[in-house]
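The residues making up each chain are set out below.
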Amino acid sequence: MKLPLVRGKYKENYKLAHLTWFKVGGAADVLYKPVDEDDIANFLKQNGGKLPVTVIGAGSNIIIRDRGVEGVVIKLGSGFTEIEILPEGDLIVGAACLNFNLAKFAQANGIKGFEFLVGIPGTVGGGVAMNAGSYGSEFKDIVKSVYAFDKIGAQMQIPLKDIGFDYRKNSLPTNLIYTKVVFRADRGDPNEIKLKMQDINKKRAETQPITERTSGSTFANPEGKRAWELIDQAGLRGMRIGDAVISEKHCNFMINQGNANASDIEQLGEFVKNKVKDHSGIELKWEIKRIGRNEKI
């Protein structure tokens, strides 16, 4: 595999499991950690779309399949985590910044509307990709624009109206690489913001298996329904395949209780999908992103 010349680091046959919350999955053919935006642009221009490229964030909402990921996996590092207040008061944030860190920054600076981010594991880039949301708010409520590269290294700034946010998705091409996000910053009382964040954290700890090897919600809520209720009504709370288990605490979460592999977890999700369809006639859609070489499941 001929790789473009870059300033960042390449690591071949790099095991990815430890980078995910499930702690499962195979290796990347190549892991690439770019230094900055210029480094990414240079890589993409030289690559010209030849090698497959996959971007991962905090690994909080993905299953990396056991056979690994073809081509180059890009993981944005510390050069993409900065938060800056722009002269006009808006925030510009690196795509690899953790949602939790952004929420804490907003609170410390008296910026409201970001409280819900304490309940969303993962990064800002991932949040834009899936219009992540919780507790009545979504990314579409705070984003003004996003900076991204296309597969041949052309950079663009995309305004909110062109992002096409919808429930747990946007309408942008899936091969874009987000590098920075501009957020609207509305002023609020830091103490009120802190109390709201504490309330969200308390509710999350009470209702979700946050201390387990898990991820975000497994399935998106169908219109007018709640995925966890459909799963529960189908009698699947506690269902398991090997060490992959549907959480007893919140049955829209899967847990790796020990030595589950990616195939176990994905098979469990597909089993749940089929049983819910049989029971209710409703087809659940994966919210967790599954990446890597496919296996028949």
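Since we're looking at a predicted model, the values are computed, not measured.

Rules and cut-offs
Residues numbered from 1 in each chain as written. Predicted model: local features only at pLDDT ≥ 70, side-chain atom pairs only at ≥ 80, totals over all residues. Heavy atoms only, no water. Pairing = 2+ DSSP bridges. Helix = DSSP H or I, 4+ residues; strand = E, 2+ residues; numbered from the N terminus. Contact = heavy atoms within 4.5 Å. Axes fitted to C-alpha atoms, helices over the stretch in contact; angles between N-to-C directions. Salt bridge = Lys/Arg side-chain N within 4 Å of Asp/Glu carboxyl O. Buried < 20%, exposed > 50% of the residue type's maximum accessible area, 1.4 Å probe, protein only. Expected span 1.5 Å × (residues − 1). Polar contact = N/O pair within 3.5 Å; in protein donor to acceptor, adjacent residues only side chain to side chain. UniProt positions renumbered as here; feature names shortened; annotations may be inferred. Phe/Tyr/Trp six-rings, centres within 6.5 Å; stacked < 30°, edge-to-face > 60°. Lys NZ or Arg CZ within 6 Å of the ring centre and 35° of its normal.

Trainee: Hey, could you go over the sheet that holds strand β18 (residues 254–256) for me, with residue numbers and the actual values?
Mentor: An order of β16-β17-β18 is seen for the three strands of this open sheet, with the pairing classed as antiparallel. Lying at the two open borders of the sheet, with one neighbouring strand each, are β16 (240–241) and β18. Of the pairings in the sheet, the one linking strand β17 (residues 244–246) to β18 comprises three bridges and is antiparallel in character. Bridge pairing in β18 links valine 245 to isoleucine 255. Contacts from helix α7 (residues 262–280) reach β16, β17 and β18 within the one sheet, and its direction differs from that of β17 by about 35°.

Trainee: Describe the pattern of salt bridges, listing the residues and the values that go with them.
Mentor: By the definition in use, this model includes 19 salt bridges. Between arginine 7 and aspartate 36 there is a salt bridge, with the nearest N and O atoms lying 2.6 Å from each other. Of the two residues, arginine 7 is situated in the segment before β1 (9–15) and aspartate 36 in the loop between β2 (27–33) and α1 (37–47); the sequence distance between them amounts to 29 residues. You can call arginine 7 exposed: its relative accessible area is 51%. Under the relative-accessibility criterion, aspartate 36 is labelled partly exposed at 26%. Between glutamate 206 and lysine 202 there is a salt bridge, and its shortest N-O distance comes to 2.9 Å. With a gap of four residues between them, glutamate 206 and lysine 202 both fall in helix α5 (residues 190–207), about one helical turn apart. What makes glutamate 206 partly exposed here is its relative accessible area of 49%.

Trainee: Go over the environment of asparagine 201 with me, naming the residues and quoting the values.
Mentor: Summarising the element assignment, asparagine 201 is placed in helix α5. The spacing of asparagine 201 and valine 118 is 83 residues in sequence and 6.9 Å in space, taken between C-alpha atoms.

Trainee: So what's going on with α7? Which residues, and what values?
Mentor: Counted at 1.5 Å a residue, the expected span for α7 with its 19 residues is 27 Å, and the 27 Å between its end C-alpha atoms agrees. If you check which residues of α7 are buried, you get Ala262, Ser263, Asp264, Ile265, Glu266, Leu268, Gly269, Glu270, Val272, Lys273 and Val276. Between a side-chain oxygen at the N-terminus of α7 and the backbone nitrogen of serine 263 the separation is 3.1 Å; the capping residue is asparagine 261. Directly beyond the C-terminal end of α7, a positive phi value near 80° is found at glycine 281.

Trainee: Describe in detail the pairing of strand β3 (residues 53–56), supporting the description with residues and values.
Mentor: Side chains of β3 alternate between two faces, with Thr54 and Ile56 buried and Val53 and Val55 left unburied. Bridging between β3 and strand β5 (residues 69–75) involves four bridges; their strand directions are parallel. Bridge assignment links threonine 54 to a residue of β5, and that residue is valine 73.

Trainee: Which residues make up the sheet that holds strand β12 (residues 155–159), and what values go with them?
Mentor: Hydrogen bonding along the main chain pairs the strands of a sheet, whether they run parallel or antiparallel. Spatially, β6-β7-β13-β11-β12 is the arrangement adopted by the five strands of the open sheet, whose pairing is antiparallel. Looking at which strands have only one partner, the edges of the open sheet turn out to be β6 (83–85) and β12. In this sheet, adjacent strand axes meet at a mean angle of 20° when their direction is disregarded. Judged from the five bridges that link them, strand β11 (residues 143–149) and β12 form a sheet pairing that is antiparallel. The residue of β12 that forms the bridge with phenylalanine 149 is glutamine 155. On the sheet, helix α2 (residues 99–108) packs against β6, β7 (91–94) and β13 (177–183) and is oriented at approximately 30° with respect to β6.

Trainee: Tell me about the UniProt feature "active site" (unreviewed entry) in the protein, and name the residues and values.
Mentor: Under the local residue numbering, the UniProt record ascribes the feature "active site" (unreviewed entry) to Arg168, Ser217 and Glu287. The greatest C-alpha distance among the annotated residues, which extend across 120 residues, is 11.0 Å, indicating that they converge on a single site. As for its placement among the helices and strands, arginine 168 is situated in the loop between α4 (160–163) and β13. Given the relative accessible area of 18%, arginine 168 is considered buried. Discounting chain neighbours no more than four positions away, the residues touching arginine 168 are Met130, Asn131, Ala132, Gly133, Ser134, Glu138, Ala220 and Glu287.

Trainee: Explain the packing of aromatic side chains to me, using residue names and the numbers behind them.
Mentor: For the structure on display, the rule yields six aromatic pairs. Each ring, one from phenylalanine 114 and one from phenylalanine 183, has its centre 5.5 Å from the other, and the planes form 70°; the classification is edge-to-face. Taken together, the residues phenylalanine 114 in the loop between β8 (111–112) and α3 (124–130) and phenylalanine 183 in strand β13 connect sequence positions 69 residues apart. A residue is classified by how much of its surface remains accessible, and phenylalanine 114, at 1% relative accessible area, is buried. Using a relative accessible area of 0% as the deciding quantity, one classes phenylalanine 183 as buried. Taken together, the ring pairs connect Phe114, Phe116, Phe139 and Phe183 into an aromatic cluster. Here the guanidinium or amino end of lysine 180 rests over the ring plane of tyrosine 147, the centre of that ring lying 4.4 Å away.

Trainee: Mind laying out the UniProt feature "domain: FAD-binding PCMH-type" (unreviewed entry) in the protein, listing which residues take part and the relevant values?
Mentor: This chain's UniProt record puts "domain: FAD-binding PCMH-type" (unreviewed entry) on residues 24–188. Between the C-alpha atoms that bound residues 24–188 the distance is 41 Å, and the span itself is 19% helix and 33% strand.

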